[in-house]
Amino acid sequence: MGEGIDIYGYRWRGAQTKRTKSQIYRDFYKPKLDKLLTKTYEKAVPGGSITVGFSKKGNKHLYDDAFKGNGGLQKIDLINLHKRLKAAEYVSDAGLYKQRKDNIKHFYYFKTRLHGKIVYLNVAKEEYRQRNGRVRSRHYLYSIRSKIR
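What comes next is a walk through the structure. (Residues numbered from 1 in each chain as written. Predicted model: local features only at pLDDT ≥ 70, side-chain atom pairs only at ≥ 80, totals over all residues. Heavy atoms only, no water.)

Side note on the side chain of Glu126
Part 1: Among the structural elements, Glu126 can be located in strand 7 (residues 117-129).
Part 2: Residue classification places Glu126 among the buried positions, given a relative accessible area of 9%.
Part 3: A distance of 3.4 Å separates polar atoms of two side chains, one belonging to Glu126 and the other to Tyr140.
Part 4: For Glu126, the contacting residues outside a window of four places in its chain are Lys57, Asn103, Ile104, Arg136, Ser137, Arg138 and Tyr140. (Helix = DSSP H or I, 4+ residues; strand = E, 2+ residues; numbered from the N terminus. Buried < 20%, exposed > 50% of the residue type's maximum accessible area, 1.4 Å probe, protein only. Polar contact = N/O pair within 3.5 Å; in protein donor to acceptor, adjacent residues only side chain to side chain. Contact = heavy atoms within 4.5 Å.)

Structure follows, in structure tokens:
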């Protein structure tokens, strides 16, 4: 049996079993991303402010982006995403350019620096209906891109 693998200075024993490297990475990063679910930040937008946090759906999308290398996001960046969100500045917002099957209705774009480059944080506005019929919304970090689409 193997002795484990090093993931950014951490000795990870998940490698002792016959699992793929991506499964080991997922098990390593998932608890770190789950800690972000409790963090929220007030971000200024035209006409007021919004409370932006993290969601399981958004974290899954961010995790996939990091492993595909989209938007300059690296795996190690997943641990400190809350710091990037806190420091980000509003750039613009946009409605949807295509029909979506989920409840996302709008995107806000914030810019920040990552590895010396400007990247854009895409914040999704998701609307949902409460039991009493009232429509509510929540905002969460959805993806990181090097350009605004």
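Describing the pattern of salt bridges
Part 1: Following the criterion strictly, the structure yields eight salt bridges and no others.
Part 2: The residue Arg145 makes a salt bridge to Asp65 at a minimum N-O spacing of 3.7 Å. With Arg145 in strand 8 (residues 135-145) and Asp65 in helix 2 (residues 56-68), this pair connects stretches of sequence that are 80 residues apart.
Part 3: Under the relative-accessibility criterion, Arg145 is labelled buried at 14%.
Part 4: The partner of Glu127 in a salt bridge is Lys125, with the nearest N and O atoms 3.8 Å apart. (Salt bridge = Lys/Arg side-chain N within 4 Å of Asp/Glu carboxyl O.)

Shape is all these values report; function is a separate question.
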